[in-house]
Amino acid sequence: MPAAENAFGEFLTAQRARVSPRDVGLPTAGSRRVKGLRREEVAVLAGVSADYYARLEQGRERTPSAQVVEAICTALQLGPDAQAHAFRLARLAPATRSAADRVGPDMQHLLESMPGVAAYVVNPAFRILAANPVATQLLGPAQMAQGAVPYLFADAASRTYFMDWEHIARAAVSALRLAVGYTPPHPEVTAVVARMEDESPDFARLWQDHRVTGLTATTKRIDHPDVGRLELVYQTFESRDVPGQQLTVATAAAGSASADSLTLLGTIAAGANRGV
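Residues numbered from 1 in each chain as written. Predicted model: local features only at pLDDT ≥ 70, side-chain atom pairs only at ≥ 80, totals over all residues. Heavy atoms only, no water.

Q: Where do I start with the overall build of the protein in this structure?
A: Helix and strand counts for the protein stand at 13 helices and five strands. Reported as C-alpha extents along the three principal axes, the dimensions of the protein are approximately 70 × 40 × 35 Å. Taking all 276 residues of the protein together, 45% fall into the buried category. At a minimum sequence separation of 6, the contacts of the protein that also span at least 24 residues come to 55%. Within the structure as shown, the protein displays about 14,000 Å² of accessible surface, and the carbon and sulfur contribution to it stands at 54%. When the 27 basic and 28 acidic side-chain charges of the protein are each reduced to a single mean position, those positions are 6 Å apart. (Helix = DSSP H or I, 4+ residues; strand = E, 2+ residues; numbered from the N terminus. Buried < 20%, exposed > 50% of the residue type's maximum accessible area, 1.4 Å probe, protein only. Contact = heavy atoms within 4.5 Å. Areas by Shrake-Rupley, 256 points an atom, 1.4 Å probe, with all protein chains shown as cover. Lys, Arg positive; Asp, Glu negative; His and termini not counted. Charge placed at Lys NZ, Arg CZ, Asp CG, Glu CD.)

Q: Teacher, can you tell me more about the nonpolar core here?
A: The tendency in soluble globular proteins is for nonpolar side chains to be buried as a group. Counting 40 residues, the largest nonpolar core has Leu138, Phe153, Leu176 and Phe203 as the members making the most contacts within it. Grouped together as the second largest cluster of nonpolar side chains are 26 residues, Val19, Leu56, Ala75 and Ala86 included. (Core = buried A, V, L, I, M, F, W, Y, C linked by side-chain atoms within 4.5 Å.)

Q: Please clarify how unusual backbone geometry should be interpreted in this entry.
A: The bulk of non-glycine residues show a negative phi, and the bulk of peptide bonds are trans. One non-glycine residue, Arg91, lies in positive phi territory at about 60 degrees. We classify Arg91 as exposed; its relative accessible area is 68%. Look at Phe126: it is not a glycine, yet its phi comes out positive at around 65 degrees. The residue Phe126 is located in the loop between strand S1 (118–122) and strand S2 (128–131) in this model.

Q: Teacher, can you tell me more about the pairing of S1 here?
A: Within a regular beta strand, the side chains point alternately toward one face of the sheet and then the other, so they alternate between its two faces. With five of its five residues buried, S1 lies for the most part within the structure. Of the two faces of S1, the one carrying Ala118, Tyr120 and Val122 and the one carrying Ala119 and Val121 are both buried. The pairing of S1 with strand S5 (residues 246–251) spans five bridges and is antiparallel. Pairing of Ala118 across the sheet is with Ala250, part of S5. By the bridge criterion, three bridges tie S1 to S2 in an arrangement that is antiparallel. Within S2, the residue paired with Val122 across the bridge is Ile128. (Pairing = 2+ DSSP bridges.)

Q: Just checking my understanding: could you explain the packing of helix H10 (residues 165–180) against helix H11 (residues 187–199) for this structure?
A: Two numbers describe a pair of packed helices, the interaxial angle and the distance between the axes. For the pair H10 and H11, the least separation of the axes is 9 Å and the interaxial angle reads 135 degrees. Overall, the two elements H10 and H11 adopt an arrangement that is oblique. Like other packed secondary-structure pairs, H10 and H11 cross with a definite hand, here left-handed. Touching Leu176, Ala179 and Val180 of H10 are Val189, Val192 and Val193, all from H11. Per-class residue counts for the contact of H10 with H11 are six nonpolar, no polar and no charged. (Axes fitted to C-alpha atoms, helices over the stretch in contact; angles between N-to-C directions. Parallel < 35°, antiparallel > 145°, perpendicular 65-115°, else oblique. Left-handed = near helix turned anticlockwise from the far one by under 90°. Nonpolar A, V, L, I, M, F, W, Y, C, P; charged D, E, K, R; others polar.)

Q: Before we go on, may I ask you to explain the packing of aromatic side chains in this structure?
A: In this description, a pair of aromatic rings is defined by centroid distance and the angle of the planes. Across all of its chains, the model carries six aromatic pairs by this definition. Between Phe153 and Phe203, the ring centres sit 5.2 Å apart and the planes meet at 90 degrees, which makes this aromatic pair edge-to-face. Residue Phe153 is located in helix H8 (residues 148–154), and its partner Phe203 is located in helix H12 (residues 201–207); the two are separated by 50 residues in the primary sequence. There is no split in this pair, since Phe153 and Phe203 are both buried. Chaining the aromatic ring pairs together yields one cluster made of Phe153, Trp165, Phe203 and Trp207. (Phe/Tyr/Trp six-rings, centres within 6.5 Å; stacked < 30°, edge-to-face > 60°.)

Written out as structure tokens, the structure reads:
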């Protein structure tokens, strides 16, 4: 069965490999031919038959109950984002409206009301839909034009720009996988995954990892071509008005060199807007 037709089973298999018997209080003596838990061990922990759980992983059982999925998520020690993803893959979550690419006037006003920070809005594929002047200058023309994911994996400059490239790339792929689980997925998400799997071995490697975590608060170290090194805290917020759109705000510690650099980026952006 093609992987696309058995997304839930593929997800369970990957998560099972991450949990060791020791993590769930099971004995570890003797040889083990599988990485992580055996299927029958997950079945025992979740309170279902081994045959039923095997059919779930193989895609031969397509209609698990919410109680069963919840029990399996508990057995596999999944976090909130991964649990929500599992319910969507099992088709136990309602369909979502496709996110529009137009940023509403209220969100646009919010961007413009934060001149001292970098703030921007992305769609489910992490293409940048709108940005305030500081963010436009921080991201740079290549990232603004290409979108976050193609820039990370198809533009060699990203390896210099992001000082912790592997960490940033892994987080981006994990968040993109979360977006794929929505029904129906945004067509641009499907397209960017297919393109990156074909063009980037690093993306393909990380995509097979099946980790699922939404973008929350994280620190990024950036080596910017105009202002040098910055250390910024990124926080991401879901839009209630347009499901699928996300607002990201990047800030620096007050009084830090990075805060001065953000201010300088704002000055550069203002000069560019005036044609200086």
